[in-house]
Amino acid sequence: MAEKRDYYEVLGVEKGASEDEIKKAYRKLAKANHPDLHPGDKECEERFKEINEAYEVLSDPDKRAKYDQFGHAAFDPSAGGPGGAGFGGFGGFGDIFGGGFGDIFGDIFGGGFGGGQTQRSGPRRGDNLRVRLNITFEEAAFGCEKEINVGRVEQCPDCKGTGCAPGTTPEVCPDCKGTGSVRTTQRTPFGMVQTSGACKKCGGRGKIIHQPCPRCGGRGAVRKNQTIKVKIPAGIDDGQTLNLRGKGNAGLDGGPAGDLLITVFVKPHPLFERDGNSVLMEMPVSFAQAALGAEIEVPTIDGRVKLTIPEGTQPGSVFRLRGKGIPYLQSKGNGRGDQFVTITVTVPKNMTAEQKERLRAYADAMNESVSEGRSGIFGNKKKR
């Protein structure tokens, strides 16, 4: 098995390249090696796969960071790297929650669990979770269903969120009477000042747990990996966010769960660009096809279609393929945008002697000056 090339080398960028530089390099290389433009070229097809694989990693900040640290081993389960633990998902709890388990419960439960700021008593809504989801150009156009692996804080199934061992109940804090806060009065030069703060005895929870639940340690919640199916609507655009209500972290003391916010990132297509609901692309044709007219096959997101270009078509001419664009996101019917095809004319290379002679004959007929056939700076002799 051939050794994989460095992903930065594949895209031809420096290791510190920006996201924009990586995207531009990918588009240029993928367009030059796209199978639709090189039918039957197996080498070109393999290069295209290699380019896509490199971009898939370097365009994702989490994957790129792991690749920079571990190289290709980051995605090889047999190498013992992070890829062996399901790296292709969303990176585990550290990536989802940032500061780790202690910080999660410190934010949720206050100073009683990790030394954070104390929390008022009573039901509290759970925190929202944010993840990013990479999809292809076609998946954004037509919609798809994805599965994502999310680490969530959920209500403890043993104690049902109370934090107490089964068969026991918490004691109402005698100092704050279950409110979670106490008031103190101090004499100051300006008179008596009354302040309110979190109860130190119960840590602001309003209750004291004498026999904590063995499963959650009295927190009332546990951390769990969950696979969630997400329906991506047809027509979604790069950077848009889906909101799955109630799929975030569990609430505290009977409070509702937070939401799961999924921001969609659309992988750039090597041939197509999106402008609203329109699809834009450049289609190369030969000089003869442009001059004499031709029926050509044009790639679309639905597959290849035939397009007739009239004789005398000029470079930069634009043709419209109606209904071959992006579906309207809010449309209740089948409304779609259009595809716009810009014609570019390619110049032939490595012509045979016979082909060159015929082209010179054409130039003579058009009274155009061309080289006599010798190449080089000093070898070009103009014929008039």
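## Some remarks on helix 4 (residues 61–70)
In step 1: Regarding helix 4, the residues found buried are Lys63, Arg64, Lys66 and Tyr67. Buried residues in helix 4, looked at end-on, bunch into an arc of 165°, giving them a common side.
In step 2: By the N-cap criterion, in which a side-chain oxygen at the helix start approaches the backbone nitrogen of a residue two or three places on, helix 4 is capped by Asp60, the distance to Asp62 being 2.9 Å.
In step 3: Gly71, located one to two residues past helix 4, shows a positive phi value of around 70°.

## Observations regarding the sheet that holds strand 15 (residues 339–346)
In step 1: Taken in spatial order, the four strands make up an open sheet running 10-11-15-14, and their pairing is mixed. On the outer flanks of this sheet lie strand 10 (273–275) and strand 14 (318–321), each paired with one strand and no other. Averaged over neighbouring strand pairs, the angle between their axes works out to 35° when direction is ignored.
In step 2: Here three bridges tie strand 10 to strand 11 (residues 278–286), and the two strands are oriented antiparallel to one another. By the bridge assignment, Glu273 is partnered in strand 11 with Leu280.

## Notes on the confidence of the model for the protein chain
In step 1: Mean pLDDT over the protein chain stands at 81; residues scoring 70 or higher make up 83%.
In step 2: Across the protein chain, the secondary-structure element scoring lowest on mean pLDDT is helix 5 (residues 93–97), at 36, and the one scoring highest is strand 14, at 96.
In step 3: Every residue in residues 84–119 scores below 50 in pLDDT, and together they form 74 contacts with partners more than four places removed in sequence or on other chains.
In step 4: This model gives residues 375–384 a pLDDT under 50, and the stretch forms 13 contacts once residues within four places in sequence are excluded.

## Topic: the packing of helix 2 (residues 19–32) against helix 3 (residues 42–58)
In step 1: Close contact between helix 2 and helix 3 brings their axes to 9 Å; oriented N to C, the two are set at 165°. If you check the angle between helix 2 and helix 3, you find them roughly antiparallel. Crossing of helix 2 over helix 3 shows left-handed handedness. Residues Ile22, Lys23, Tyr26, Leu29, Ala30 and Ala32 of helix 2 lie in contact with helix 3, whose contacting residues are Cys44, Phe48, Ile51, Asn52, Tyr55 and Leu58.
In step 2: Looking at side-chain class alone, the contact of helix 2 with helix 3 contains 10 nonpolar, one polar and one charged residues.

## Comments concerning the side chain of Asn33
In step 1: Along the chain, Asn33 turns up in the loop between helix 2 and helix 3.
In step 2: Reaching out from Asn33, the side chain makes a polar contact with the side chain of Arg47 at a distance of 2.8 Å.
In step 3: Once residues within four sequence positions are removed from consideration, Asn33 is found in contact with His38, Cys44, Arg47, Phe48 and Ile51.

Conventions we followed
- Residues numbered from 1 in each chain as written.
- Predicted model: local features only at pLDDT ≥ 70, side-chain atom pairs only at ≥ 80, totals over all residues.
- Heavy atoms only, no water.
- Buried < 20%, exposed > 50% of the residue type's maximum accessible area, 1.4 Å probe, protein only.
- Helix = DSSP H or I, 4+ residues; strand = E, 2+ residues; numbered from the N terminus.
- Arc of directions from axis to C-beta.
- Polar contact = N/O pair within 3.5 Å; in protein donor to acceptor, adjacent residues only side chain to side chain.
- Pairing = 2+ DSSP bridges.
- Axes fitted to C-alpha atoms, helices over the stretch in contact; angles between N-to-C directions.
- pLDDT = per-residue confidence, 0-100.
- Contact = heavy atoms within 4.5 Å.
- Parallel < 35°, antiparallel > 145°, perpendicular 65-115°, else oblique.
- Left-handed = near helix turned anticlockwise from the far one by under 90°.
- Nonpolar A, V, L, I, M, F, W, Y, C, P; charged D, E, K, R; others polar.

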